[in-house]
Amino acid sequence: YIIVSEYFASKIGIKKESLTIEEITKFYSNKISNELSINITDLWNEINFYKFSPWKPENSEFSNYISKTKELLRKLEDETKKI
């Protein structure tokens, strides 16, 4: 959660404590594909689930989660470079 929230807060230019999915989607509105926007929202919801849940993923699940997050951020960087 911390790394992803710091990433988006840095991109948007706000404190991570103030970061919401609304801020993220507003910032990237008309800058990225609808599919990527939905994926970012899904990622944010998943991160918040793990943040507040007493349940923690198994190592293999966590590894898959990290890979998925890295790939999503890579796609985001690629799409925003085109602007």
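Refer to the preceding data block for the structure.
Our subject in this report is the structure included herewith. Keep in mind it's a predicted model, so treat the numbers as computed, not measured.

Some points on helix H2 (residues 21–28)
Okay, step 1: Within H2, the full set of buried residues consists of Ile 21, Ile 24 and Tyr 28. Summarising the axial view, the buried residues of H2 lie within an arc of 60°, below the 170-degree limit, and thus occupy one face. Along H2, exposed side chains directed more than 90 degrees from the buried face belong to Glu 22 and Lys 26.
Okay, step 2: Taken together, the buried residues of H2 touch helix H1 (2–12), helix H3 (34–52) and helix H4 (59–81).
Okay, step 3: Of the residues one or two after H2, Asn 30 is the one with positive phi, at around 65°.

So, the pattern of salt bridges
As a working rule, side chains carrying opposite charge can pair if their charged atoms are close by.
Okay, step 1: On inspection of all chains with the given rule, the structure shows four salt bridges.
Okay, step 2: Two residues, Lys 68 and Glu 46, come together in a salt bridge whose shortest N-O distance is 2.7 Å. One end of the pair, Lys 68, is in helix H4; the other, Glu 46, is in helix H3, with 22 residues separating them in the sequence.
Okay, step 3: Judged by relative accessible area, which is 44%, Lys 68 ranks as partly exposed.
Okay, step 4: A relative accessible area of 22% means that Glu 46 is categorised as partly exposed.
Okay, step 5: Its salt-bridge partner being Arg 74, residue Glu 71 comes within 3.0 Å of it at the nearest N-O pair. Of this pair, Glu 71 and Arg 74 both sit in helix H4, separated by three residues, roughly a single helical turn.
Okay, step 6: With relative accessibility at 45%, the residue Arg 74 sits in the partly exposed group.

Describing the environment of Glu 61
Okay, step 1: Topologically, Glu 61 is positioned in helix H4.
Okay, step 2: When its relative accessible area of 37% is taken as the criterion, Glu 61 is described as partly exposed.
Okay, step 3: A C-alpha to C-alpha distance of 22 Å links Glu 61 and Tyr 7, two positions 54 residues apart in sequence.

Quick look at the packing of H2 against H3
Okay, step 1: Between H2 and H3, whose axes approach to 10 Å, the crossing angle comes to 165°. Taken together, the axes of H2 and H3 lie roughly antiparallel to each other. In this structure, H2 crosses over H3, and the sense of that crossing is right-handed. For the pair formed by H2 and H3, the contact residues are Ile 21, Ile 24 and Thr 25 on the first element and Ser 37, Ile 40, Thr 41 and Trp 44 on the second.
Okay, step 2: Across the contact of H2 with H3, the residue classes break down as four nonpolar, three polar and no charged.

Thresholds, definitions, all that
- Residues numbered from 1 in each chain as written.
- Predicted model: local features only at pLDDT ≥ 70, side-chain atom pairs only at ≥ 80, totals over all residues.
- Heavy atoms only, no water.
- Buried < 20%, exposed > 50% of the residue type's maximum accessible area, 1.4 Å probe, protein only.
- Helix = DSSP H or I, 4+ residues; strand = E, 2+ residues; numbered from the N terminus.
- Arc of directions from axis to C-beta.
- Contact = heavy atoms within 4.5 Å.
- Salt bridge = Lys/Arg side-chain N within 4 Å of Asp/Glu carboxyl O.
- Axes fitted to C-alpha atoms, helices over the stretch in contact; angles between N-to-C directions.
- Parallel < 35°, antiparallel > 145°, perpendicular 65-115°, else oblique.
- Left-handed = near helix turned anticlockwise from the far one by under 90°.
- Nonpolar A, V, L, I, M, F, W, Y, C, P; charged D, E, K, R; others polar.

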